[in-house]
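# Observations on chain architecture
In case you want the letters, here they are:
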Amino acid sequence: MNTKGILVVVSGFSGVGKGTLMKRLTEKYGQYALSISATTRSPREGEVDGREYFFKTQEEFEEMIREDRLIEYASYCGNYYGTPREYVEDQIAQGRDVILEIEAQGAYKVKKRYPDTLLLFVMPPDARTLVDRLSGRGTESEDVIQSRLHRALEESLMAEKYEYMVINDDLDQGVEKIHSLIEAQRDKIKLNVEFVQQIRMELKELLKGE
Ligand code: 5GP
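No experiment lies behind these values; they were computed from the predicted model shown.

## Observations concerning the site of the ligand
Taken together, 16 residues are adjacent to the ligand, and Ser37, Arg41, Tyr53, Tyr81 and Glu103 come closest. Between the ligand and Arg44, the relevant distance is 2.8 Å, taken from an oxygen atom to a side-chain nitrogen or oxygen of the residue. Glu72 is positioned such that a nitrogen or oxygen atom in its side chain is 2.7 Å from a nitrogen atom of the ligand. In the complex, 95% of the free accessible area of the ligand, which totals 510 Å², lies under the protein chains. Using a 2 Å cut-off from the grid points, one finds that the ligand occupies the largest pocket.

## So, a nonpolar patch on the surface
On the surface, a cluster of nonpolar side chains totalling about 780 Å² of accessible area is made up of Met1, Ile189, Val193, Phe195, Val196, Ile199, Leu203 and Leu206. As for its placement among the helices and strands, Leu203 is situated in helix α8 (residues 193–208). Taking the relative accessible area as the measure of exposure, Leu203 reaches 48% and is therefore partly exposed.

## Concerning the layout of surface pockets
Picture a little ball the size of a water molecule; that probe, rolled over the atoms, points out where space is still empty. In this structure, the largest pocket spans a volume of roughly 1200 Å³. Residue lining of the largest pocket: 38 residues in total, with Lys18, Gly19, Arg44, Tyr53 and Glu101 positioned closest to the centre. Elements represented by at least two residues in the lining of the largest pocket include exactly β1 (7–12), α1 (18–28), β5 (70–76), β6 (79–84), α5 (127–137) and α6 (142–158). Element by element, the count of residues in the lining of the largest pocket is highest for α1, at six residues. Partitioning the lining of the largest pocket into residue classes produces ten nonpolar, 13 polar and 15 charged.

## Things to note about the packing of helix α4 (residues 104–113) against α6
Interaxial distance between α4 and α6 falls to 10 Å at its minimum, and their mutual angle equals 25°. By the angle between their directions, the pair α4 and α6 is classed as roughly parallel. The residues of α6 that touch α4, namely those facing Ala104, Gln105 and Tyr108, are Arg151, Glu155 and Met158. The residue inventory of the contact of α4 with α6, partitioned by class, reads three nonpolar, one polar and two charged.

## As for the packing of α1 against helix α7 (residues 171–186)
At a minimum axis distance of 9 Å, the contact between α1 and α7 shows a crossing angle of 65°. On the basis of their axis angle, the class for α1 and α7 is roughly perpendicular. Crossing handedness for the pair α1 and α7: right-handed. Contacts between α1 and α7 pair Thr20, Leu21, Met22, Arg24, Leu25 and Lys28 from the former with Leu171, Asp172, Gly174, Val175, Glu176, Ile178 and His179 from the latter. Split by residue class, the contact of α1 with α7 holds six nonpolar, three polar and four charged.

## Examining the nonpolar core
Core analysis: the largest hydrophobic core is formed by 39 residues, its most contacted members being Val8, Leu25, Leu100 and Ile178. When residues of this core are assigned to their parent elements, the largest contribution, five residues, is made by strand β8 (residues 118–123). The contact partners of Ile178, leaving out residues within four places of it in the chain, are Leu21, Met22, Leu25, Leu120 and Val166. The next biggest cluster of nonpolar side chains, apart from the first, holds five residues, and it includes Ala38, Met64, Leu70 and Tyr80.

## Some details on the environment of Leu118
Secondary-structure assignment places Leu118 in strand β8. Leu118 sits in the buried class, given a relative accessible area of 0%. It is 14 Å that separates the C-alpha atoms of Leu118 and Glu160, two residues lying 42 residues apart in sequence. Once residues lying within four places of it in the same chain are set aside, the contact partners of Leu118 are Leu7, Val8, Val9, Glu163, Tyr164, Leu181, Ile182 and Gln185.

Cut-offs used in this document
- The written sequence of each chain sets the order in which its residues are numbered from 1.
- Totals for whole chains, interfaces and linings use all residues, but because this is a predicted model, local features are given only for residues with pLDDT of at least 70 and pairs of side-chain atoms are given and counted only at 80 or more.
- Excluding hydrogens and water, the side-chain figures rest on all heavy atoms present in the structure.
- Put simply, a residue is near a molecule or strand once any heavy atom of it comes within 4 Å of that molecule or strand.
- Under the rule applied, a polar contact is a pair of N or O atoms within 3.5 Å (in protein, one hydrogen donor and one hydrogen acceptor; residues adjacent in sequence only if both atoms are side-chain atoms).
- Surface accessibility in these figures is a Shrake-Rupley result with a 1.4 Å probe; residues are shielded only by whichever protein chains are displayed.
- Points on a 1 Å grid, built from protein atoms alone, make a cavity when a 1.4 Å probe fits but cannot get out and make a pocket when they are open with protein on both sides within 12 Å along at least 5 of 7 lines; residues with an atom within 4 Å of a point are the lining residues.
- Think of it this way: if more than half of a molecule's atoms are within 2 Å of a pocket's grid points, that molecule is in the pocket or cavity.
- Patches here are clusters of residues that have more than 30% relative accessible area and form no salt bridge, with a 9 Å joining cutoff for like charges and a 5 Å cutoff for nonpolar side chains (Val, Leu, Ile, Met, Phe, Trp, Tyr).
- Note on definitions: salt bridges are taken to be side-chain nitrogens of Lys or Arg within 4 Å of carboxyl oxygens of Asp or Glu.
- Here a helix means four or more residues in a row that DSSP labels H or I, a strand means two or more in a row labelled E, and each is numbered from the N terminus.
- Accessibility here uses a 1.4 Å probe with only protein chains present; expressed as a share of the type maximum, an area under 20% marks a residue as buried, one over 50% as exposed, and anything in between as partly exposed.
- Grid points are joined across faces, edges and corners, and a volume is the space filled by probe spheres set on the points.
- Under the grouping applied here, Gly and all other residues not named as nonpolar or charged are polar, the nonpolar ones being Ala, Val, Leu, Ile, Met, Phe, Trp, Tyr, Cys and Pro and the charged ones Asp, Glu, Lys and Arg.
- Working convention: axes come from line fits to C-alpha atoms, limited for helices to the stretch in contact. Angles between N-to-C directions cover 0 to 180 degrees.
- Relative orientations are named as follows: roughly parallel for angles under 35 degrees, roughly antiparallel for angles over 145 degrees, roughly perpendicular for angles from 65 to 115 degrees, and oblique for any other angle.
- Note on contacts: a residue pair is in contact if any heavy atoms of the two residues lie within 4.5 Å.
- Should the near helix be turned counterclockwise from the far one by less than a right angle, the crossing is left-handed, whereas a clockwise turn marks it as right-handed.
- The set of buried Ala, Val, Leu, Ile, Met, Phe, Trp, Tyr and Cys residues whose side-chain atoms join them within 4.5 Å is what this entry labels a nonpolar core.

Function cannot be read off these values alone, since they describe shape.
Right under this line is the structure:
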């Protein structure tokens, strides 16, 4: 059977509640490792370097690009964001499922490089809920909120290329939905060809003895 971990990309509009979903998912199920991205954006209040993100200067980030230490990176609302390679590859090799909470440009790059990646898009129940959640967060200025809503409009087009959507209405239901989609990905025949071959060999052996 496939013993490597599954790589999962979770995207969704800013303010849709991906962070809360991921927090609950990883608390509930021990098999998931959440990748921590590098970014050039400034920390928000309460954010800690090495916990939410690795906060980098533009120069440091560009050095990571040059040294090929990122599996993907993208520019989002004026800042760089990227996924450090080493952690992801180590965890997958050890059989843990790795979740990347990244935006769509990065998601496509990851899918191209690792075609067995599962692409999930978290949707709000409706657009008004998204606006309310963004304003209610209280951490962003009106300008930033507007820029994120414009970005959401663009991302709604990019979402059409994802494999599954998860509507974030009820938190626990959303968590269960994501967990079951990942479990289903693990059982894909494509990821278990060796197991099928093994059964075929066993059948041949059994038939020889007849
Ligand atoms: P925020 O500034 O709200 O934390 O994140 C802004 C956007 O950047 C979100 O859509 C988030 O998913 C995305 N993001 C976070 N880390 C990465 C990353 O490593 N790569 C890419 N491509 N996007 C990221």
